[in-house]
Amino acid sequence: MVVSLSDKKVAVLGAGKMGGILLQALLKDGLLSAERTTATVAHEERARGLAAKLGIKVGTDNLQAANKADVILIGVKPQVVGEVMAELRGHLSPAQLIISVAASVPNSLIEKTLDVPVPVIRAMPNTPSLLGAGMTALAKGKYAEACHVETATAMFNVVGRTVVVDEKHMDAVTGLSASGPAYIYIIIESLAEAGVKVGLPRDIATLLAAQTTMGAARVVLETGDHPALLKDAVTTPAGCTVDGIMELEEGKLRVTLIKAVVKAAQRAKELAFAGQ
Ligand SMILES: NC(=O)c1ccc[n+]([C@@H]2O[C@H](COP(=O)([O-])OP(=O)(O)OC[C@H]3O[C@@H](n4cnc5c(N)ncnc54)[C@H](OP(=O)(O)O)[C@@H]3O)[C@@H](O)[C@H]2O)c1
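Residues numbered from 1 in each chain as written. Predicted model: local features only at pLDDT ≥ 70, side-chain atom pairs only at ≥ 80, totals over all residues. Heavy atoms only, no water.

Notes on the sheet that holds strand β3 (residues 57–59)
Worth spelling out the cut-off: Pairing between strands is defined by DSSP: at least two bridges between the two strands are required. A run of H or I in DSSP becomes a helix once it reaches four residues, and a run of E becomes a strand once it reaches two; helices and strands are each numbered from the N terminus. Only C-alpha atoms enter the line fits that serve as axes; for helices the fit covers just the stretch in contact. Angles between N-to-C directions range over 0 to 180 degrees. Here a residue-residue contact requires only that any non-hydrogen atoms of the pair lie within 4.5 Å.
Spatially, β3-β2-β1-β4-β5-β6-β7-β8 is the arrangement adopted by the eight strands of the open sheet, whose pairing is mixed. What marks the edges here is a single partner per strand, and that holds for β3 and β8 (160–164). Averaged over neighbouring strand pairs, the angle between their axes works out to 20° when direction is ignored. Two elements, strand β7 (residues 134–140) and β8, share five bridges in a ladder whose sense is parallel. In the sheet register, Ala-137 faces β8, and the bridge partner there is Val-163. Each of β1 (10–13), β4 (71–74) and β5 (97–100) touches helix α4 (residues 78–88); the most contacted strand, β4, lies at about 155° to it.

See the structure below:
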């Protein structure tokens, strides 16, 4: 289904790094119209700069921005969400949609703060959204319907891929795809370092490592083949790759990555409890 938001009023409350990435991409894509889009930040000076950069109205008054908006995107830090919601309490209606990208903030926290059943969707994007290569998971709150999920999906598809999950999986998503770019950067950095160790110039080693990572990821996504099968296809009997794989197994790469995701997901859960 094609969702158009150009006739809708959209307010981005907290247009920082993530809110700014989304705003810029959605305006560029034409999914949002500049005339109907507003944003807020904390500082007047930032508001002026952002307004000039994006060609939209940017202020510091959340209530004014959200008042008549059809879609309200919450992009403030998790610890500021409660404060922003308290400002909006008593001024929203169930005809509006709230989409929050705040990590570890459950839909119920937003729903409880408001006095009317406003549909809420929790989104967890990641930083490659900057280049349109993001991965976002969406989880709907108790008042959100399929049409609200469609709207949110259309918005986040502009910056990459989108999946819809049950909210109980959002901490796992945080540990895997939101923190994941950091793990992959370390892997790319290490492969590049290895290239230097075996005699390659650093810039060439980094290019080989990054393009190889992207290529392998694209093959997984585009063929849908199991990664183990794809790995087997690269591994010639008595060849070089199997020797490399033996080192990875001895160095416990697999279990280390699994433990990294488990720890990050656990931390996301702890932070959610702290926010409640
Ligand atoms: N960055 C990521 O990789 C990522 C990934 C997934 C989710 N998220 C989530 O995205 C949210 C924002 O993260 P970020 O990295 O984009 O942070 P950020 O760059 O610090 O952006 C936060 C923005 O909120 C504004 N702000 C602060 N208090 C406000 C208030 N009371 N009313 C309106 N605006 C206010 C700030 O204004 P000023 O600019 O004037 O200070 C800033 O523009 C967080 O909840 C985070 O969990 C981030």
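From this point, the discussion proceeds with the structure in view.
Here's the deal with unusual backbone geometry
Its identity as a non-glycine residue notwithstanding, Ser-104 has a phi of 65°, on the positive side. Residue position: Ser-104 is located in the loop between β5 and α5 (107–113). Located in the positive-phi region is Ala-238, a residue other than glycine, with phi close to 60°. Structurally, Ala-238 is set in the loop between α10 (227–234) and α11 (241–250).

A closer look at α4
This is how it is decided: Burial classes: relative accessible area under 20% of the type maximum marks a residue as buried, over 50% as exposed, and values in between as partly exposed (1.4 Å probe, protein chains only). The directions considered for the arc run from the helix axis to the C-beta atoms.
Inspection of α4 places Val-81, Val-84, Met-85 and Leu-88 among the buried residues, and these make up the whole buried set. One side of α4 holds all its buried residues, which, seen down the axis, span an arc of 100°. Every exposed residue of α4 that faces more than 90 degrees away from the buried side is listed here: Gln-79 and Glu-83. Elements that come into contact with the buried residues of α4 comprise β1, α3 (62–67), β4, β5 and α5. Two residues or fewer past α4, Gly-90 is found with a positive phi of approximately 90°.

Details of helix α2 (residues 44–54)
The complete set of buried residues in α2 reads Ala-47, Leu-50 and Leu-54. Looking straight down α2, one finds that the buried residues subtend no more than 70° of arc, so they occupy a single side. Exposed residues lying more than 90 degrees from the buried face of α2 are Glu-45, Arg-48 and Ala-52. Two residues or fewer past α2, Gly-55 is found with a positive phi of approximately 70°.

A few points about the site of the ligand
Filter applied, for reference: Being near a molecule or strand, for a residue, comes down to having at least one heavy atom within 4 Å of it. We call two N or O atoms a polar contact when they sit within 3.5 Å, provided that within protein one can donate a hydrogen and the other can accept it, with sequence-adjacent residues counted only if both atoms are side-chain atoms. We get accessible surface area from the Shrake-Rupley algorithm with a probe of 1.4 Å; when it comes to residues, only the shown protein chains can shield them. All amino acids are sorted into three groups, where Ala, Val, Leu, Ile, Met, Phe, Trp, Tyr, Cys and Pro are nonpolar, Asp, Glu, Lys and Arg are charged, and the leftover types, Gly among them, are polar.
In the region of the ligand, 24 residues are neighbours, and Lys-17, Met-18, His-43, Arg-46 and Val-76 sit closest. The contact in question runs from an oxygen atom of the ligand to an N or O atom on the backbone of Ala-103, over 2.9 Å. Expressed as a share of its isolated accessible area of 900 Å², the protein-covered part of the ligand is 81%. Of all elements in the fold, only α1 (17–29) and α4 reach the threshold of two or more residues within the shell around the ligand. The element that contributes the greatest number of residues to the shell around the ligand is α4, accounting for four residues. Split by residue class, the shell around the ligand holds 13 nonpolar, seven polar and four charged.

Details of the pattern of salt bridges
Note the cut-off: Here, a salt bridge means any Lys or Arg side-chain nitrogen found within 4 Å of an Asp or Glu carboxyl oxygen.
Applying the stated rule across the entire model yields six salt bridges. Across the salt bridge formed by Glu-193 and Arg-202, the nearest N and O atoms sit 3.2 Å from each other. A salt bridge links Glu-249 to Arg-254, with the nearest nitrogen and oxygen atoms 3.1 Å apart. Its relative accessible area of 40% is what places Glu-249 among the partly exposed residues.

Overview of the pairing of strand β6 (residues 120–124)
Every other side chain in a regular strand lies on the same face of the sheet, so the side chains alternate between the two faces. Of all five residues in β6, five are buried; the element is thus mostly enclosed. Alternating residues of β6 divide into Val-120, Arg-122 and Met-124 and Ile-121 and Ala-123, and every residue in both groups is buried. Note: β5 against β6, three bridges, orientation parallel. Following the sheet pairing, Ser-100 is matched in β6 by Arg-122.

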